[in-house]
Amino acid sequence: METIAVVGAGTMGAGIAQVAAQAGLEVLLHDSLPEAWPRARAAILRGLERDLAQGRLTPGQPEAILARIHPAARLEDLATAGLAIEAAPEKRELKRELFRQLDRMLAPDAILASNTSSISITELGAATGRPQQCIGMHFMNPVPVMALVEVIRGLATSDATTETVRELARRMGKTPVEVRDFPGFVSNRVLMPLINEAIFCVYEGVATPEAVDEVMRLGMNHPMGPLRLADLIGLDVCLDIIEVLHQGLGEDKYRPCPLLRQMVAAGRLGRKTGQGFYSYERKK
Ligand code: NAD
């Protein structure tokens, strides 16, 4: 497979396109918004130039890598791809519709992958006529830096599809780890209860956000405390994923902390709004 498609050219789609092009693949990058391409191109170029400055790339390589990423204005332009990675917003109906359309447009042997953080791969596969060729390829943010791809097998995903995707992840310089399709997969099923419990510690007055984070950094060697990490991910995104765990697994241990709900209701979403458990207002 020498050509892949990436659907959605936001934070994750741009990163996935970059690592695929760095692996020598031709990438067709589609977004529904025309302004997404110049934004993605600028973000990719910044990353490649940083790599050049730090000696990870040689002169000429950034341009050559960028030349392998081709903006595709319409979904129909992706028809020649052997595999598509969907990285559109985390909305169930949007992803189901994209899977339906990609199923109609791509060759019968093409693989449809999703970068979803929490939506069922089995359900996305069921929206197509090729559930055995549907799979999760869950990259971590920032894609060029993080080593993991969580490879998620839906109920119908075949061994051949799984092996092709594992091989592709390795070619992109990542380490694939195979998991089954249950709410939150492994990454968010383990991470989000940790974040939620850290928020409960603040809610119940056990400790301040600074103290909770310091305990986890200095005591457990986490590179970043769970509350600072939650601010980075976005508290709205954290709440959505914890809700998926709570509803999908049906156990009280996944109940979202009321303080998290309150902060989301107040629009304190973390770094992106300037205020979460910490303040990110620029100092005057
Ligand atoms: P984003 O909002 O930065 O990018 C989404 C892009 O999709 C936007 O450019 C938007 O214009 C485009 N889009 C919207 N509707 C579309 C359509 N119908 N067709 C094509 N493009 C469309 O989002 P993101 O942070 O890159 O997240 C994308 C996916 O990756 C989500 O499923 C998310 O859960 C998952 N994810 C995100 C992270 C993260 O930390 N940001 C980490 C892992 C997985």
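Residues numbered from 1 in each chain as written. Predicted model: local features only at pLDDT ≥ 70, side-chain atom pairs only at ≥ 80, totals over all residues. Heavy atoms only, no water.

A. Structural view of the overall build of the protein chain. Secondary structure assignment for the protein chain yields 11 helices and eight strands. Taking 2.2 N^0.38 as the reference for a compact globule, 284 residues should give roughly 19 Å; the C-alpha atoms of the protein chain span a radius of gyration of 20 Å, in line with that estimate. Oriented by its inertia axes, the alpha-carbon framework of the protein chain measures out at about 55 × 45 × 35 Å. Expressed as a percentage of its 284 residues, the buried residues of the protein chain come to 46%. Looking at the protein chain alone, contacts between residues at least 24 apart form 65% of all its contacts between residues at least 6 apart. Surface accessibility of the protein chain: about 14,000 Å² in total, with carbon and sulfur atoms responsible for 54%. When the 32 basic and 34 acidic side-chain charges of the protein chain are each reduced to a single mean position, those positions are 3 Å apart. (Helix = DSSP H or I, 4+ residues; strand = E, 2+ residues; numbered from the N terminus. Rg over C-alpha atoms; globule rule 2.2 N^0.38 Å. Buried < 20%, exposed > 50% of the residue type's maximum accessible area, 1.4 Å probe, protein only. Contact = heavy atoms within 4.5 Å. Areas by Shrake-Rupley, 256 points an atom, 1.4 Å probe, with all protein chains shown as cover. Lys, Arg positive; Asp, Glu negative; His and termini not counted. Charge placed at Lys NZ, Arg CZ, Asp CG, Glu CD.)

B. Up close: the domain arrangement of the protein chain. We note that the domain assignment places domain 1 (3-180) and domain 2 (189-273) within the protein chain. Centre-to-centre, using C-alpha coordinates, domain 1 lies 28 Å away from domain 2. (Domains from an automatic or database assignment.)

C. Molecular detail of the site of the ligand. The full set close to the ligand counts 23 residues, and Met12, Asp31, Glu90, Lys95 and Ser117 are the nearest of them. A distance of 2.8 Å is found between an oxygen atom of the ligand and a side-chain nitrogen or oxygen belonging to Ser117. Summarising the interface, the protein chains cover 76% of the accessible area of the ligand, which totals 830 Å² for the free molecule. Listed by contribution, the elements that provide at least two residues to the shell around the ligand are helix H1 (11-22), helix H4 (92-105) and strand S6 (134-139). With three residues, H4 is the largest single contributor of residues to the shell around the ligand. Residue composition of the shell around the ligand, grouped by class: 10 nonpolar, 10 polar and three charged. (Near = heavy atom within 4 Å. Polar contact = N/O pair within 3.5 Å; in protein donor to acceptor, adjacent residues only side chain to side chain. Nonpolar A, V, L, I, M, F, W, Y, C, P; charged D, E, K, R; others polar.)

D. Looking closely at unusual backbone geometry. Cis geometry is found at the peptide bond from Asn141 to Pro142, where omega equals -5 degrees. Tracing the backbone through its elements, the reader meets Pro142 in the loop between S6 and strand S7 (148-153). A positive phi is found at Phe185, a non-glycine position, where the angle reads about 50 degrees. Mapped onto the elements, Phe185 comes out in the loop between strand S8 (175-180) and helix H7 (187-203). For Phe185, a relative accessible area of 4% corresponds to the buried category. Unlike most non-glycine residues, Asn221 shows phi in positive territory, near 60 degrees.

E. A look at the nonpolar core. Met137, Phe139 and Met172 are the most contacted members of the largest nonpolar core, which has 37 residues in total. Take this core: its biggest share by element is seven residues, from H1. In contact with Met137, not counting residues within four places along its chain, are Ile85, Ala113, Ser114, Asn115, Val149, Glu150, Val165, Leu168, Ala169 and Met172. One finds Ala198, Ile199, Phe200 and Cys257 within the second-largest nonpolar core, a separate group that totals 22 residues. (Core = buried A, V, L, I, M, F, W, Y, C linked by side-chain atoms within 4.5 Å.)

F. Expanded view of the pattern of salt bridges. According to the stated counting rule, one finds 18 salt bridges in the structure shown. Arg171 serves as the salt-bridge partner of Glu2, at 3.3 Å between the closest nitrogen and oxygen. Of this pair, Glu2 sits in the segment before strand S1 (3-7) while Arg171 sits in helix H6 (residues 159-171), placing them 169 residues apart in sequence. Judged by its relative accessible area of 46%, Glu2 is partly exposed. What makes Arg171 partly exposed here is its relative accessible area of 34%. Across the salt bridge formed by Glu90 and Lys95, the nearest N and O atoms sit 3.8 Å from each other. The exposure class of Glu90 is partly exposed, given its relative accessible area of 37%. What makes Lys95 buried here is its relative accessible area of 1%. Sharing partners across several salt bridges, the network here consists of Arg92, Glu93, Arg96, Glu97, Arg100 and Glu123. (Salt bridge = Lys/Arg side-chain N within 4 Å of Asp/Glu carboxyl O.)

G. Region of interest: the packing of H7 against helix H11 (residues 258-265). At their nearest, the axes of H7 and H11 sit 8 Å apart, and the two run at 90 degrees to each other. As judged from the angle between their axes, H7 and H11 are roughly perpendicular. Together, Asn196, Ile199, Phe200, Val202 and Tyr203 of H7 and Pro258, Leu259 and Leu260 of H11 make up the contact between the two elements. Along the lines of polarity and charge, the residues of the contact of H7 with H11 split into seven nonpolar, one polar and no charged. (Axes fitted to C-alpha atoms, helices over the stretch in contact; angles between N-to-C directions. Parallel < 35°, antiparallel > 145°, perpendicular 65-115°, else oblique.)

H. Structural detail: the side chain of Lys174. The topology assignment puts Lys174 in the loop between H6 and S8. No salt bridge is formed by the buried Lys174; the nearest opposite charge belongs to Asp51, separated by 9.7 Å. A polar atom in the side chain of Lys174 sits 2.9 Å from the backbone oxygen of Met146. Beyond its immediate stretch of four places on either side in the chain, Lys174 contacts Val19, Phe139, Val143, Pro144, Val145, Met146, Ala147, Val149 and Ala169.

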